[in-house]
Amino acid sequence: PLVFSSHPAVTSPCKILKCNSEFWAATSGSHHLGAEEAPEFCTALRAYAHCTRRTARTCRGDLAYHSAVHGIDDLMVQHNCSKDGPTSQPRLRTLPPGDSQERSDSPEICHYEKSFHKHSAAPNYTHCGLFGDPHLRTFTDTFQTCKVQGAWPLIDNNYLNVQVTNTPVLPGSSATATSKLTIIFKSFQECVDQKVYQAEMDELPAAFVDGSKNGGDKHGANSLKITEKVSGQHIEIQAKYIGTTIVVRQVGRYLTFAVRMPEEVVNAVEDRDSQGLYLCLRGCPLNQQIDFQTIRSAQATEGRARRKGPSLPAPPEAFTYETATAKCREKLPVEDLYFQSCVFDLLTTGDVNFMLAAYYAFEDVKMLHSNKDKLHLYERTRDLTPGNTAPTGTHPTLWVALLCLCWLCLL
(Lines give C-alpha, C1' and ligand atoms only; values in the text may rest on other atoms or scores of the structure.)
Protein backbone atom coordinates (compact mmCIF):
# COMPACT_ATOMS: atom_id res chain seq x y z
CA PRO A 1 0.00 0.00 0.00
CA LEU A 2 2.96 2.35 0.34
CA VAL A 3 2.80 2.95 -3.41
CA PHE A 4 -0.43 4.90 -2.85
CA SER A 5 1.42 7.84 -1.30
CA SER A 6 4.70 7.61 -3.20
CA HIS A 7 3.40 9.20 -6.39
CA PRO A 8 1.36 12.29 -5.43
CA ALA A 9 -1.08 13.65 -7.95
CA VAL A 10 0.23 16.33 -10.29
CA THR A 11 -2.96 17.75 -11.75
CA SER A 12 -5.05 19.65 -9.28
CA PRO A 13 -8.58 18.45 -10.37
CA CYS A 14 -7.59 14.88 -9.47
CA LYS A 15 -8.58 14.19 -5.87
CA ILE A 16 -6.68 10.93 -5.41
CA LEU A 17 -4.68 12.57 -2.61
CA LYS A 18 -7.88 12.98 -0.60
CA CYS A 19 -8.84 9.33 -1.22
CA ASN A 20 -5.38 8.19 -0.09
CA SER A 21 -5.48 10.28 3.09
CA GLU A 22 -8.95 9.04 4.08
CA PHE A 23 -7.94 5.41 3.60
CA TRP A 24 -4.71 5.77 5.59
CA ALA A 25 -6.54 7.60 8.36
CA ALA A 26 -9.08 4.79 8.59
CA THR A 27 -6.58 1.92 8.48
CA SER A 28 -3.57 3.32 10.33
CA GLY A 29 -1.98 0.35 12.06
CA SER A 30 -4.20 -2.06 10.12
CA HIS A 31 -1.29 -4.34 9.24
CA HIS A 32 -1.68 -5.62 12.81
CA LEU A 33 -5.38 -6.41 12.39
CA GLY A 34 -6.54 -9.81 13.53
CA ALA A 35 -9.01 -11.95 11.61
CA GLU A 36 -11.94 -10.62 13.64
CA GLU A 37 -11.15 -7.04 12.50
CA ALA A 38 -10.85 -7.89 8.79
CA PRO A 39 -14.43 -6.77 7.97
CA GLU A 40 -13.61 -3.25 9.16
CA PHE A 41 -10.58 -3.18 6.86
CA CYS A 42 -12.69 -4.43 3.93
CA THR A 43 -15.24 -1.68 4.58
CA ALA A 44 -12.50 0.96 4.46
CA LEU A 45 -11.10 -0.64 1.31
CA ARG A 46 -14.49 -0.53 -0.42
CA ALA A 47 -14.86 3.13 0.59
CA TYR A 48 -11.42 3.73 -0.89
CA ALA A 49 -12.48 2.07 -4.16
CA HIS A 50 -15.67 4.14 -4.20
CA CYS A 51 -13.64 7.34 -3.72
CA THR A 52 -11.32 6.49 -6.62
CA ARG A 53 -14.29 5.83 -8.91
CA ARG A 54 -15.71 9.27 -8.10
CA THR A 55 -12.50 10.95 -9.24
CA ALA A 56 -11.76 8.62 -12.17
CA ARG A 57 -12.63 11.12 -14.90
CA THR A 58 -10.22 13.81 -13.69
CA CYS A 59 -7.47 11.32 -12.75
CA ARG A 60 -7.28 9.49 -16.06
CA GLY A 61 -3.61 10.32 -16.70
CA ASP A 62 -2.44 10.35 -13.08
CA LEU A 63 0.11 7.72 -12.03
CA ALA A 64 -0.94 7.79 -8.38
CA TYR A 65 -4.54 7.11 -9.37
CA HIS A 66 -3.66 4.05 -11.45
CA SER A 67 -1.35 2.78 -8.70
CA ALA A 68 -4.18 3.09 -6.19
CA VAL A 69 -6.70 1.28 -8.41
CA HIS A 70 -4.36 -1.67 -8.97
CA GLY A 71 -3.36 -1.69 -5.29
CA ILE A 72 -6.98 -1.82 -4.17
CA ASP A 73 -7.62 -4.86 -6.35
CA ASP A 74 -4.57 -6.62 -4.88
CA LEU A 75 -5.62 -5.84 -1.30
CA MET A 76 -9.16 -7.05 -2.00
CA VAL A 77 -7.73 -10.44 -3.00
CA GLN A 78 -5.16 -10.59 -0.15
CA HIS A 79 -7.78 -9.91 2.54
CA ASN A 80 -10.54 -11.90 0.84
CA CYS A 81 -12.76 -8.80 0.68
CA SER A 82 -15.96 -8.77 -1.31
CA LYS A 83 -16.47 -5.87 -3.68
CA ASP A 84 -20.09 -5.77 -2.54
CA GLY A 85 -20.86 -4.63 0.97
CA PRO A 86 -20.97 -1.57 3.24
CA THR A 87 -18.88 1.43 2.20
CA SER A 88 -19.34 3.70 5.20
CA GLN A 89 -17.04 6.67 5.25
CA PRO A 90 -13.65 5.93 6.88
CA ARG A 91 -13.31 7.25 10.42
CA LEU A 92 -10.21 8.33 12.23
CA ARG A 93 -8.76 5.81 14.62
CA THR A 94 -9.46 6.70 18.26
CA LEU A 95 -6.35 6.50 20.39
CA PRO A 96 -6.43 4.28 23.49
CA PRO A 97 -5.63 5.86 26.86
CA GLY A 98 -1.92 6.27 27.35
CA ASP A 99 -1.12 6.16 23.64
CA SER A 100 2.25 7.79 22.97
CA GLN A 101 0.64 10.29 20.60
CA GLU A 102 -1.08 11.91 23.56
CA ARG A 103 1.99 12.29 25.73
CA SER A 104 3.25 15.73 26.58
CA ASP A 105 6.42 14.71 28.45
CA SER A 106 8.66 14.77 25.36
CA PRO A 107 12.40 14.18 25.92
CA GLU A 108 14.59 17.25 26.12
CA ILE A 109 16.30 16.29 22.85
CA CYS A 110 12.93 16.91 21.17
CA HIS A 111 12.90 20.59 22.09
CA TYR A 112 15.47 22.48 20.03
CA GLU A 113 16.03 25.46 22.30
CA LYS A 114 16.42 23.25 25.38
CA SER A 115 18.75 20.69 23.82
CA PHE A 116 20.90 22.25 21.10
CA HIS A 117 21.48 25.53 22.90
CA LYS A 118 21.27 24.64 26.56
CA HIS A 119 24.61 26.25 27.40
CA SER A 120 24.98 28.76 24.58
CA ALA A 121 23.35 31.82 23.06
CA ALA A 122 19.83 31.68 21.74
CA PRO A 123 19.58 30.41 18.15
CA ASN A 124 19.49 32.83 15.24
CA TYR A 125 16.22 32.32 13.38
CA THR A 126 15.77 32.94 9.67
CA HIS A 127 12.74 33.17 7.40
CA CYS A 128 11.80 32.06 3.89
CA GLY A 129 8.54 32.66 2.07
CA LEU A 130 6.97 31.94 -1.32
CA PHE A 131 3.75 33.53 -2.58
CA GLY A 132 2.00 34.93 -5.62
CA ASP A 133 3.43 34.71 -9.12
CA PRO A 134 5.71 33.38 -7.43
CA HIS A 135 7.77 35.76 -5.32
CA LEU A 136 10.55 34.31 -3.16
CA ARG A 137 12.10 35.74 0.00
CA THR A 138 15.13 33.66 0.87
CA PHE A 139 16.73 32.89 4.23
CA THR A 140 19.23 35.68 3.49
CA ASP A 141 16.45 38.26 2.91
CA THR A 142 16.94 38.47 -0.84
CA PHE A 143 13.73 39.00 -2.77
CA GLN A 144 13.17 37.54 -6.22
CA THR A 145 10.35 37.01 -8.69
CA CYS A 146 10.74 33.73 -10.55
CA LYS A 147 9.23 31.63 -13.33
CA VAL A 148 10.09 28.17 -11.87
CA GLN A 149 7.29 26.28 -13.60
CA GLY A 150 6.94 22.64 -12.53
CA ALA A 151 8.42 21.02 -9.41
CA TRP A 152 11.21 22.80 -7.51
CA PRO A 153 12.88 22.18 -4.11
CA LEU A 154 12.40 24.98 -1.59
CA ILE A 155 14.25 23.31 1.31
CA ASP A 156 16.48 20.24 1.34
CA ASN A 157 18.49 19.59 4.49
CA ASN A 158 19.17 16.82 7.00
CA TYR A 159 15.81 17.26 8.72
CA LEU A 160 13.21 18.01 6.09
CA ASN A 161 12.48 18.47 2.41
CA VAL A 162 9.99 20.92 0.94
CA GLN A 163 9.00 20.84 -2.73
CA VAL A 164 6.57 23.08 -4.58
CA THR A 165 4.89 22.68 -7.95
CA ASN A 166 4.10 25.85 -9.86
CA THR A 167 1.60 25.85 -12.71
CA PRO A 168 0.55 28.52 -15.25
CA VAL A 169 -2.09 30.91 -13.95
CA LEU A 170 -3.55 31.49 -17.42
CA PRO A 171 -3.26 29.38 -20.59
CA GLY A 172 -0.29 30.45 -22.67
CA SER A 173 1.05 32.79 -19.98
CA SER A 174 4.42 32.60 -18.24
CA ALA A 175 2.76 33.72 -14.99
CA THR A 176 2.85 30.78 -12.55
CA ALA A 177 1.69 30.17 -8.99
CA THR A 178 2.06 27.38 -6.45
CA SER A 179 -0.56 24.68 -6.97
CA LYS A 180 1.02 21.91 -4.88
CA LEU A 181 3.25 21.54 -1.82
CA THR A 182 4.96 18.50 -0.33
CA ILE A 183 6.81 18.54 3.03
CA ILE A 184 8.75 15.52 4.26
CA PHE A 185 9.82 15.54 7.91
CA LYS A 186 12.58 12.95 8.29
CA SER A 187 12.65 10.52 11.18
CA PHE A 188 14.64 12.01 14.06
CA GLN A 189 16.07 10.07 17.00
CA GLU A 190 13.44 9.33 19.67
CA CYS A 191 11.30 12.29 18.66
CA VAL A 192 9.39 11.71 15.43
CA ASP A 193 8.78 9.15 12.71
CA GLN A 194 9.03 10.23 9.10
CA LYS A 195 5.93 12.22 8.22
CA VAL A 196 4.70 13.56 4.89
CA TYR A 197 2.39 16.55 4.44
CA GLN A 198 0.82 17.29 1.06
CA ALA A 199 -1.43 20.14 -0.03
CA GLU A 200 -2.73 21.20 -3.42
CA MET A 201 -5.32 23.50 -4.92
CA ASP A 202 -8.65 23.16 -3.09
CA GLU A 203 -7.11 20.59 -0.74
CA LEU A 204 -5.40 21.94 2.40
CA PRO A 205 -5.50 19.02 4.88
CA ALA A 206 -5.13 19.53 8.62
CA ALA A 207 -3.24 16.22 8.93
CA PHE A 208 -0.31 14.32 7.47
CA VAL A 209 -1.02 11.92 4.60
CA ASP A 210 -1.36 9.03 7.08
CA GLY A 211 -4.18 10.85 8.89
CA SER A 212 -2.13 11.69 12.00
CA LYS A 213 -1.60 15.19 13.37
CA ASN A 214 1.71 14.68 15.16
CA GLY A 215 5.03 12.87 14.90
CA GLY A 216 3.82 9.29 15.26
CA ASP A 217 4.48 6.63 17.88
CA LYS A 218 7.81 7.80 19.28
CA HIS A 219 8.09 9.21 22.78
CA GLY A 220 8.52 12.80 21.57
CA ALA A 221 5.73 12.67 18.98
CA ASN A 222 4.19 15.93 20.17
CA SER A 223 7.30 17.85 19.17
CA LEU A 224 5.76 17.77 15.66
CA LYS A 225 2.17 19.02 15.39
CA ILE A 226 -0.29 20.32 12.82
CA THR A 227 -2.82 22.96 13.86
CA GLU A 228 -5.68 24.13 11.66
CA LYS A 229 -6.08 27.88 12.04
CA VAL A 230 -8.79 28.43 9.41
CA SER A 231 -10.49 25.41 7.85
CA GLY A 232 -9.30 24.88 4.29
CA GLN A 233 -7.33 28.14 4.30
CA HIS A 234 -4.58 28.21 6.92
CA ILE A 235 -2.58 25.53 8.73
CA GLU A 236 0.49 25.78 10.94
CA ILE A 237 3.06 23.06 11.57
CA GLN A 238 5.23 23.26 14.68
CA ALA A 239 8.41 21.14 14.59
CA LYS A 240 9.85 21.94 18.03
CA TYR A 241 12.58 19.31 17.75
CA ILE A 242 14.21 21.47 15.04
CA GLY A 243 12.87 24.83 16.27
CA THR A 244 10.85 25.28 13.08
CA THR A 245 7.44 26.79 12.33
CA ILE A 246 5.78 26.39 8.92
CA VAL A 247 2.70 28.26 7.72
CA VAL A 248 0.76 27.08 4.66
CA ARG A 249 -2.21 29.00 3.30
CA GLN A 250 -4.60 28.66 0.41
CA VAL A 251 -5.46 32.09 -0.94
CA GLY A 252 -7.88 31.93 -3.83
CA ARG A 253 -6.85 28.87 -5.84
CA TYR A 254 -3.15 28.88 -4.95
CA LEU A 255 -0.88 28.14 -1.99
CA THR A 256 1.56 30.27 -0.02
CA PHE A 257 4.44 29.00 2.12
CA ALA A 258 6.34 30.60 5.00
CA VAL A 259 8.87 29.13 7.43
CA ARG A 260 10.84 30.21 10.49
CA MET A 261 13.94 28.06 10.98
CA PRO A 262 17.17 28.26 13.02
CA GLU A 263 20.25 29.08 10.96
CA GLU A 264 21.89 25.89 12.21
CA VAL A 265 19.07 23.80 10.73
CA VAL A 266 19.04 25.81 7.49
CA ASN A 267 22.69 24.95 6.90
CA ALA A 268 22.48 21.32 8.05
CA VAL A 269 23.34 19.71 4.71
CA GLU A 270 25.73 16.87 4.01
CA ASP A 271 27.71 18.65 1.30
CA ARG A 272 26.79 22.28 0.80
CA ASP A 273 29.03 22.75 -2.24
CA SER A 274 27.20 20.03 -4.17
CA GLN A 275 23.80 20.72 -2.66
CA GLY A 276 22.38 21.94 -5.94
CA LEU A 277 19.08 23.78 -5.98
CA TYR A 278 17.57 24.77 -2.66
CA LEU A 279 15.56 27.88 -3.47
CA CYS A 280 15.12 29.16 0.08
CA LEU A 281 18.89 29.10 0.56
CA ARG A 282 20.32 29.78 -2.88
CA GLY A 283 17.48 31.64 -4.58
CA CYS A 284 16.14 30.98 -8.06
CA PRO A 285 18.60 30.32 -10.91
CA LEU A 286 19.37 33.46 -12.91
CA ASN A 287 17.61 32.12 -15.99
CA GLN A 288 14.43 31.68 -13.90
CA GLN A 289 14.42 35.17 -12.38
CA ILE A 290 12.22 38.02 -13.61
CA ASP A 291 13.09 41.69 -13.10
CA PHE A 292 9.54 42.67 -12.29
CA GLN A 293 10.51 46.22 -11.35
CA THR A 294 11.58 46.90 -14.94
CA ILE A 295 8.36 45.31 -16.13
CA ARG A 296 6.48 47.40 -13.58
CA SER A 297 7.73 50.57 -15.31
CA ALA A 298 6.30 49.28 -18.56
CA GLN A 299 3.06 48.49 -16.75
CA ALA A 300 2.84 52.05 -15.48
CA THR A 301 3.23 53.50 -18.99
CA GLU A 302 1.42 50.88 -21.05
CA GLY A 303 -1.20 49.79 -18.51
CA ARG A 304 -0.42 46.09 -18.79
CA ALA A 305 2.34 43.61 -17.97
CA ARG A 306 4.99 42.65 -20.50
CA ARG A 307 7.23 39.72 -19.61
CA LYS A 308 10.52 38.62 -21.17
CA GLY A 309 10.48 35.78 -23.64
CA PRO A 310 8.38 34.92 -26.70
CA SER A 311 5.24 36.85 -27.52
CA LEU A 312 2.42 35.88 -25.17
CA PRO A 313 -1.29 36.65 -25.00
CA ALA A 314 -2.07 39.99 -23.41
CA PRO A 315 -2.80 39.70 -19.66
CA PRO A 316 -6.25 40.52 -18.26
CA GLU A 317 -7.29 44.15 -18.45
CA ALA A 318 -9.30 44.04 -15.22
CA PHE A 319 -6.79 46.41 -13.60
CA THR A 320 -4.94 49.46 -14.86
CA TYR A 321 -1.72 50.48 -13.16
CA GLU A 322 -3.61 53.12 -11.20
CA THR A 323 -6.43 50.82 -10.05
CA ALA A 324 -3.98 48.02 -9.16
CA THR A 325 -1.89 50.47 -7.11
CA ALA A 326 -4.99 51.72 -5.30
CA LYS A 327 -6.19 48.18 -4.61
CA CYS A 328 -2.84 47.04 -3.19
CA ARG A 329 -2.60 50.12 -1.01
CA GLU A 330 -5.77 49.00 0.80
CA LYS A 331 -3.86 46.14 2.43
CA LEU A 332 -0.21 47.16 1.95
CA PRO A 333 0.23 50.85 2.76
CA VAL A 334 4.06 50.73 2.63
CA GLU A 335 5.35 50.71 -0.95
CA ASP A 336 7.93 47.99 -0.44
CA LEU A 337 8.55 44.88 -2.54
CA TYR A 338 5.43 43.19 -1.17
CA PHE A 339 3.38 46.14 -2.42
CA GLN A 340 5.17 46.12 -5.77
CA SER A 341 4.64 42.36 -6.08
CA CYS A 342 0.94 42.90 -5.44
CA VAL A 343 0.69 45.48 -8.25
CA PHE A 344 2.64 43.24 -10.62
CA ASP A 345 0.42 40.23 -9.89
CA LEU A 346 -2.85 42.14 -10.28
CA LEU A 347 -1.77 43.46 -13.67
CA THR A 348 -0.45 40.09 -14.77
CA THR A 349 -3.35 37.91 -13.61
CA GLY A 350 -6.32 40.20 -12.97
CA ASP A 351 -7.03 38.10 -9.85
CA VAL A 352 -7.62 40.09 -6.66
CA ASN A 353 -6.65 37.04 -4.59
CA PHE A 354 -3.02 37.76 -5.44
CA MET A 355 -3.37 41.00 -3.48
CA LEU A 356 -4.46 38.92 -0.48
CA ALA A 357 -1.56 36.52 -1.05
CA ALA A 358 0.92 39.41 -0.79
CA TYR A 359 -0.86 40.74 2.29
CA TYR A 360 -0.80 37.38 4.10
CA ALA A 361 2.81 36.80 3.06
CA PHE A 362 3.77 40.02 4.81
CA GLU A 363 1.64 39.12 7.84
CA ASP A 364 3.59 35.85 8.05
CA VAL A 365 6.86 37.77 7.85
CA LYS A 366 5.76 39.90 10.80
CA MET A 367 4.99 36.76 12.78
CA LEU A 368 8.01 34.66 11.79
CA HIS A 369 10.93 37.00 11.09
CA SER A 370 13.24 37.44 14.08
CA ASN A 371 14.61 40.84 12.98
CA LYS A 372 11.79 43.39 13.04
CA ASP A 373 14.06 45.94 11.29
CA LYS A 374 14.08 43.76 8.16
CA LEU A 375 10.36 43.25 7.67
CA HIS A 376 10.15 45.60 4.69
CA LEU A 377 12.41 45.11 1.67
CA TYR A 378 12.84 47.80 -0.95
CA GLU A 379 15.75 46.94 -3.23
CA ARG A 380 15.63 44.57 -6.15
CA THR A 381 18.00 41.79 -5.10
CA ARG A 382 18.79 39.95 -8.33
CA ASP A 383 22.16 41.68 -8.66
CA LEU A 384 22.79 42.36 -4.97
CA THR A 385 24.65 40.35 -2.39
CA PRO A 386 22.46 38.37 0.06
CA GLY A 387 20.81 40.56 2.65
CA ASN A 388 21.74 43.81 0.87
CA THR A 389 18.50 45.72 1.31
CA ALA A 390 17.56 49.28 2.00
CA PRO A 391 17.07 50.21 5.66
CA THR A 392 13.51 50.06 6.94
CA GLY A 393 11.49 53.18 6.21
CA THR A 394 14.02 54.64 3.73
CA HIS A 395 13.01 54.89 0.11
CA PRO A 396 15.84 53.93 -2.32
CA THR A 397 15.41 57.20 -4.29
CA LEU A 398 16.51 59.12 -1.21
CA TRP A 399 19.70 57.06 -0.94
CA VAL A 400 20.53 57.74 -4.60
CA ALA A 401 20.05 61.46 -4.03
CA LEU A 402 22.28 61.40 -0.96
CA LEU A 403 25.03 59.54 -2.81
CA CYS A 404 24.94 62.06 -5.67
CA LEU A 405 25.13 64.94 -3.18
CA CYS A 406 28.16 63.38 -1.47
CA TRP A 407 29.87 62.95 -4.83
CA LEU A 408 29.29 66.61 -5.76
CA CYS A 409 30.69 67.69 -2.38
CA LEU A 410 33.89 65.78 -3.07
CA LEU A 411 34.26 67.65 -6.37
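Residues numbered from 1 in each chain as written. Predicted model: local features only at pLDDT ≥ 70, side-chain atom pairs only at ≥ 80, totals over all residues. Heavy atoms only, no water.

## So, the overall build of the protein chain
Regarding its fold elements, the protein chain presents 12 helices and 12 strands. Counting only residues that meet the buried cut, the protein chain has 50% of its 411 residues in that class. The long-range fraction of contacts in the protein chain, counting pairs at least 24 apart against all pairs at least 6 apart in sequence, stands at 59%. Carbon together with sulfur atoms contributes 54% to the accessible area of the protein chain, which is approximately 19400 Å² in total. (Helix = DSSP H or I, 4+ residues; strand = E, 2+ residues; numbered from the N terminus. Buried < 20%, exposed > 50% of the residue type's maximum accessible area, 1.4 Å probe, protein only. Contact = heavy atoms within 4.5 Å. Areas by Shrake-Rupley, 256 points an atom, 1.4 Å probe, with all protein chains shown as cover.)

## Details of helix H4 (residues 63–78)
Under the 1.5 Å per step criterion, the end-to-end length of H4 is 22 Å for 16 residues, consistent within 8% with the ideal 22 Å. Taken together, the buried positions of H4 are occupied by Ala64, Tyr65, Ser67, Ala68, Gly71, Ile72, Leu75 and Met76. Take H4 and look down its axis: the buried residues cluster within an arc of 165°, on one side only. Facing away from the buried side of H4 by more than 90 degrees, the exposed set consists of Leu63, His70 and Val77. (Expected span 1.5 Å × (residues − 1). Arc of directions from axis to C-beta.)

## Notes on the state of the cysteines
Tallying each qualifying case throughout the model produces six disulfides. With a sulfur-sulfur separation of 2.0 Å, Cys128 is cross-linked through a disulfide to Cys280. The disulfide joining Cys128 to Cys280 has a torsion of about -75° about its S-S bond and is therefore left-handed. Linking Cys128 in strand S1 (residues 125–131) with Cys280 in helix H7 (residues 279–282), this pair joins segments that are 152 residues apart in sequence. (Disulfide = S-S within 2.5 Å.)

## Here we look at the sheet that holds strand S6 (residues 176–185)
Read across the sheet, four strands follow the order S4-S5-S6-S7 without closing on themselves; strand pairing throughout is antiparallel. At either end of the open sheet lies a strand with only one pairing partner, and these are strand S4 (150–156) and strand S7 (195–200). Pairs of neighbouring strands in the sheet enclose a mean axial angle of 20°, with direction left out of account. Summarising the sheet, strand S5 (residues 160–168) and S6 pair through nine bridges and their orientation is antiparallel. Bridging across to S6, Asn166 finds its partner in Thr178. (Pairing = 2+ DSSP bridges. Axes fitted to C-alpha atoms, helices over the stretch in contact; angles between N-to-C directions.)

## So, unusual backbone geometry
Positive phi, normally seen in glycine, also occurs at Gln189, with a value near 40°. The phi dihedral of Asp202 falls on the positive side, at around 65°, and the residue is not glycine. Within the secondary structure, Asp202 sits in the loop between S7 and strand S8 (224–230). Assessed through its relative accessible area of 52%, Asp202 is described here as exposed.

## Here we look at the environment of Val365
Looking at the secondary structure, you find Val365 in helix H11 (residues 353–368). Taking the C-alpha atoms as reference points, Val365 and Ala258, 107 residues apart in sequence, are found 7.7 Å from one another. Setting aside anything within four residues of it in sequence, one finds Val365 in contact with His127, Arg137, Tyr338 and Leu375.

## Examining the pattern of salt bridges
In the structure shown here, the tally under the stated rule is six salt bridges. Between Lys195 and Asp210 there is a salt bridge, with its nearest N and O atoms 2.5 Å apart. One end of the pair, Lys195, is in strand S7; the other, Asp210, is in the loop between S7 and S8, and 15 residues separate them in sequence. For Asp210, a relative accessible area of 24% gives the class partly exposed. The closest approach of N and O atoms between Asp364 and Arg249, which form a salt bridge, is 2.8 Å. In this pair, Asp364 sits in helix H11 while Arg249 sits in strand S10 (residues 244–251), placing the two residues 115 residues apart along the sequence. (Salt bridge = Lys/Arg side-chain N within 4 Å of Asp/Glu carboxyl O.)

## Considering the confidence of the model for the protein chain
Here the protein chain averages 77 in pLDDT, and 72% of its residues register 70 or above. Here residues 29–36 scores under 50 on pLDDT; set against residues more than four positions off or in separate chains, the count is two contacts. With pLDDT under 50 throughout, residues 381–411 is counted as low confidence; its partners more than four residues away or in other chains account for 32 contacts. (pLDDT = per-residue confidence, 0-100.)

## Looking at the nonpolar core
Counting residues in each nonpolar core, the largest one holds 48 residues, and the members touching the most others are Leu154, Ile155, Leu160, Ile183, Phe185, Tyr241 and Phe257. Element by element, the count of residues in this core is highest for strand S11 (residues 254–262), at four residues. (Core = buried A, V, L, I, M, F, W, Y, C linked by side-chain atoms within 4.5 Å.)

## A few points about helix H10 (residues 337–349)
Between its first and last C-alpha, H10 extends 18 Å over 13 residues, near the 18 Å set by a 1.5 Å rise per residue. With respect to burial, H10 is a largely interior element, 13 of its 13 residues being buried. Its side-chain oxygen 3.1 Å from the backbone nitrogen of Tyr338, Asp336 forms the N-cap of H10. Phi for Gly350, located one or two positions after H10, is positive at around 75°. (Polar contact = N/O pair within 3.5 Å; in protein donor to acceptor, adjacent residues only side chain to side chain.)

## Re the packing of helix H9 (residues 321–331) against H11
As a packed pair, H9 and H11 sit with axes 9 Å apart at the nearest point and diverge in direction by 35°. Crossing geometry of H9 relative to H11 is assigned as right-handed. On the side of H9, the interface is formed by Lys327, Cys328 and Lys331, while H11 contributes Met355, Leu356 and Tyr359. Considered class by class, the residues forming the contact of H9 with H11 number four nonpolar, no polar and two charged. (Left-handed = near helix turned anticlockwise from the far one by under 90°. Nonpolar A, V, L, I, M, F, W, Y, C, P; charged D, E, K, R; others polar.)

## As for the packing of aromatic side chains
Taken as a whole, this structure holds nine aromatic pairs when the rule is applied. The ring of Tyr125 is capped by Arg260, whose NZ or CZ atom sits 3.7 Å from the centre of that ring. Stacked on the ring of Tyr359, the Lys or Arg Lys331 has its end atom at 4.6 Å from the ring centre. (Phe/Tyr/Trp six-rings, centres within 6.5 Å; stacked < 30°, edge-to-face > 60°. Lys NZ or Arg CZ within 6 Å of the ring centre and 35° of its normal.)

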